[in-house]
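Chain by chain, the residues:
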Amino acid sequence: MTTQSPRDAGKPERHGASAVGGRADERRWRALTVCLVAGFMTLLDVSIVNVALPTVRAGLHMSDSGLQWVLSGYALAFGLVLVPAGRLGDARSRRAVFLTGLALFTLASALAGAAQNQEWLVLARLFQGAAGGVLVPQVSGFIQTLFQGAERGRAFGALGATIGLSTAVGPLLGGLLIHLFGPENGWRWVFLVNLPIGAVALPVAYRLLPPPRPAAERAGHRDFDPLGVVLLGAGTVALLLPFVQQQQWHSPDRWLLLPLAAVLLAAFVGWERHYARRHEPLVSMALFAVRPYAAGVMLSLVYFAGFTAIFFIFTLYLQAGLHYSALTAGLAITPFAVGSGVSAAVGGRLVGRLGRRLVVLGLVLVLVGLLASALAVQLWSGPSVGWTTLGPLLVAGAGSGLVITPNQTLTLQRVPVARAGSAGGVLQTAQRVGSAVGIAVVGSVFFAHVGGRRPDWALAFQLGVAVAAGLVLLALLVATVDEVANRRAAQVPSGSAGTGVSDGRGGGRPGS
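An account of the accompanying structure is given in this report. This one's a predicted model, so the numbers in the text were calculated from it and none came from an experiment. Numbering of residues begins from 1 in every chain and follows the order in which that chain's sequence is written. Totals for whole chains, interfaces and linings use all residues, but because this is a predicted model, local features are given only for residues with pLDDT of at least 70 and pairs of side-chain atoms are given and counted only at 80 or more. Only hydrogens and water are set aside; all other atoms, that is, all heavy atoms of the structure, feed into the side-chain values.

Here a helix means four or more residues in a row that DSSP labels H or I, a strand means two or more in a row labelled E, and each is numbered from the N terminus. Expected span of a helix, by definition, is 1.5 Å for each gap between consecutive residues, and there is one gap fewer than residues. When the terminal C-alpha atoms of helix H12 (residues 356-380) are compared, their 36 Å separation across 25 residues agrees well with the 36 Å that a helix rising 1.5 Å per residue should span. Backbone geometry just after H12 places glycine 382 at a positive phi near 145°.

Shown next, in the form of structure tokens:
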């Protein structure tokens, strides 16, 4: 009896599969599990550090600027490498890039946990963010490679649950580690906790993940588009830097980077169109001619601007305003994580039947939950606010799980497998840009009402929630427009129009 090789793990199964096929199917889901564990680890480090900042400041005598770079440096480096890393995985070896990113992330976590001064920690966080950006786009690429049809929806459901849980559970886990190891060294374990995970995940990933096909590996050496990498990287930095440094860079001159970012990104688009005439570009602009992909990227941008900022201001409100401990503040956010994790798994199973309608429902639930949270703070502000916001946060989390997972599935469903990494990198970049912009905008409203001698923490939180809800409402508008367009397209007779895009089961160039 023969067994299926890792190279064949992503091929569709045939009806009447034998026990060998069953083992191959189990192998695919194991491969997905190790991808999700690694992805969880990298996304967790976006939020887990928030509750550790007070102890980091005390332990390393850090300045405000240094603390800001601990947060923003990770996000900046993460967003900078997402698309090039995704393209590198598509072109050469998704498995090799994943393993490299995982090894580097584990090493960077060790360096951060061993930091002896401010500069050391900031550099380690930059290194850690870049390694995370190398690893994450390979996850969606593997899902596109290993799964098809309804199974792909389930796999993206698991990924959506991972994204939601990693974002929401970070403050809880950070608070628990500081509680267990004490304020002096607890912050180090916020980083060192990644070491045993990475050490176990590396050999398992090496054994389970499928290797690249030789043709894809040869194509990668020919078509990596170095000028596109430089233009996109410079444009991303110019776009993100004014937002991630808003609290420390007070000069209005920072906004001059935004026109520069627009010029660089426009040059990137022009170059990609030119490069695509003879080579495989870093990002195929034809992808954005596919309405589900364009709508999904835009929805991710505005939704992450709204929902990510909530954790930022709620944690500040609880810890600085109500003097919650790091652990208690993390526990107060847990209902969102629970709701998000459960509904993401459910959403992955329903998206094939309900499509964009599921995303619309999720966004409505998020809006209801956020506004109910603001009302709860208005009526019962005080030490018990963690209990009064439990129900609203659970509703918002349930809605969020119905947004992230189905949107990711719908956005990438028509992307060819050969472009899965770069397309997923663009989607992740939109999420990171949205998060940075949302935290800056919502945070500026929040901080404007907590300065002075008598800060009004409750009002600051409510106004911040109102701005975040406005961003979620904008995402709802995008989803509704796309759903209306879907219904109109469904009324067009079959064969009268086409997208010219591969269904995602193989190669081919969108729009070609």
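The backbone of histidine 61 shows a phi angle near 55°, a positive value even though the residue is not glycine. Examined against the element boundaries, histidine 61 turns out to sit in the loop between helix H2 (53-60) and helix H3 (64-113). The phi torsion at histidine 323 lies on the positive side, around 60°, for a residue other than glycine. The topology assignment puts histidine 323 in the loop between helix H10 (291-321) and helix H11 (326-354).

To continue, consider a nonpolar patch on the surface. Note on patches: the residues involved have over 30% relative accessible area and no salt bridge, like charges join within 9 Å, and the nonpolar side chains Val, Leu, Ile, Met, Phe, Trp and Tyr join within 5 Å. Accessibility throughout is a Shrake-Rupley quantity obtained with a 1.4 Å probe, and a residue counts as covered only by protein chains that appear here. The term salt bridge refers to a pairing of a side-chain nitrogen on Lys or Arg with a carboxyl oxygen on Asp or Glu at a separation within 4 Å. Among the surface-exposed residues, Leu104, Leu107, Leu111 and Trp120 lie close enough to one another that they form a single nonpolar patch of about 310 Å² accessible area. The element contributing the most residues to the nonpolar patch is H3, with three residues. Structurally, leucine 107 is set in helix H3.

Whether two aromatic rings pair depends on their centres lying within 6.5 Å, for rings of Phe, Tyr and Trp, where Trp uses its six-membered ring; planes under 30 degrees apart make the pair stacked, over 60 edge-to-face, and the rest tilted. If you walk through the whole model with that rule in mind, you get 18 aromatic pairs. Here the aromatic rings of phenylalanine 312 and phenylalanine 447 are separated by 6.1 Å at their centres, their planes lie at 70°, and the arrangement is edge-to-face. Residue phenylalanine 312 is found in helix H10, and its partner phenylalanine 447 is found in helix H15 (residues 420-447); the two are separated by 135 residues along the sequence. To sort residues, take the accessible area from a 1.4 Å probe on protein chains only and compare it with the maximum for the residue type: under 20% means buried, over 50% means exposed, and anything in between is partly exposed. For phenylalanine 312, a relative accessible area of 16% corresponds to the buried category. In textbook terms, an aromatic cluster arises when at least three aromatic residues are bridged by ring pairs, as seen for Tyr303, Phe304, Phe307, Phe311 and Phe336. Look at NZ for Lys and CZ for Arg. If either is within 6 Å of the ring centre and within 35 degrees of the ring normal, a charge sits over the ring. For the cation-ring pair, arginine 95 lies above tyrosine 206, with the distance from its terminal atom to the ring centre recorded as 4.5 Å.

Let us look at the packing of H10 against H12. Simply put, an axis is a line fit to the C-alpha atoms, just over the touching stretch for a helix, and the angle between two N-to-C directions goes from 0 to 180 degrees. Where H10 contacts H12, the two axes come as close as 13 Å, and the packing angle between them is 20°. Our classification of the angle between H10 and H12 gives roughly parallel. Considering the relative orientation of H10 and H12, their crossing is left-handed. Contacts from Pro292, Ala295, Gly296, Leu299, Tyr303, Ile310 and Tyr317 in H10 reach Arg356, Val359, Leu363, Val366, Leu370 and Val377 in H12. By the convention adopted, Pro, Cys, Tyr, Trp, Phe, Met, Ile, Leu, Val and Ala count as nonpolar, Lys, Arg, Asp and Glu as charged, and the other residues, Gly among them, as polar. For the contact of H10 with H12, the per-class residue count stands at eleven nonpolar, one polar and one charged. Angular relationships are summarised with four words: roughly parallel below 35 degrees, roughly antiparallel beyond 145, roughly perpendicular across 65 to 115, and oblique for the angles in between. A crossing counts as left-handed when the near helix is turned anticlockwise from the far one by less than a right angle, and as right-handed when that turn is clockwise. It only takes one pair of heavy atoms within 4.5 Å for two residues to be counted as in contact.

Another point: the pattern of salt bridges. Applying the stated criterion to the full structure yields seven salt bridges. Between arginine 28 and glutamate 151 there is a salt bridge, and its shortest N-O distance comes to 3.1 Å. Highlighted residues: arginine 28 in helix H1 (residues 19-47) and glutamate 151 in helix H5 (residues 149-192), separated in sequence by 123 residues. Arginine 28 gets classed as buried once you look at its relative accessible area, which sits at 4%. In this structure, aspartate 482 engages arginine 356 in a salt bridge whose closest nitrogen and oxygen atoms are separated by 2.8 Å. In this pair, aspartate 482 sits in helix H16 (residues 457-491) while arginine 356 sits in helix H12, placing the two residues 126 residues apart along the sequence.

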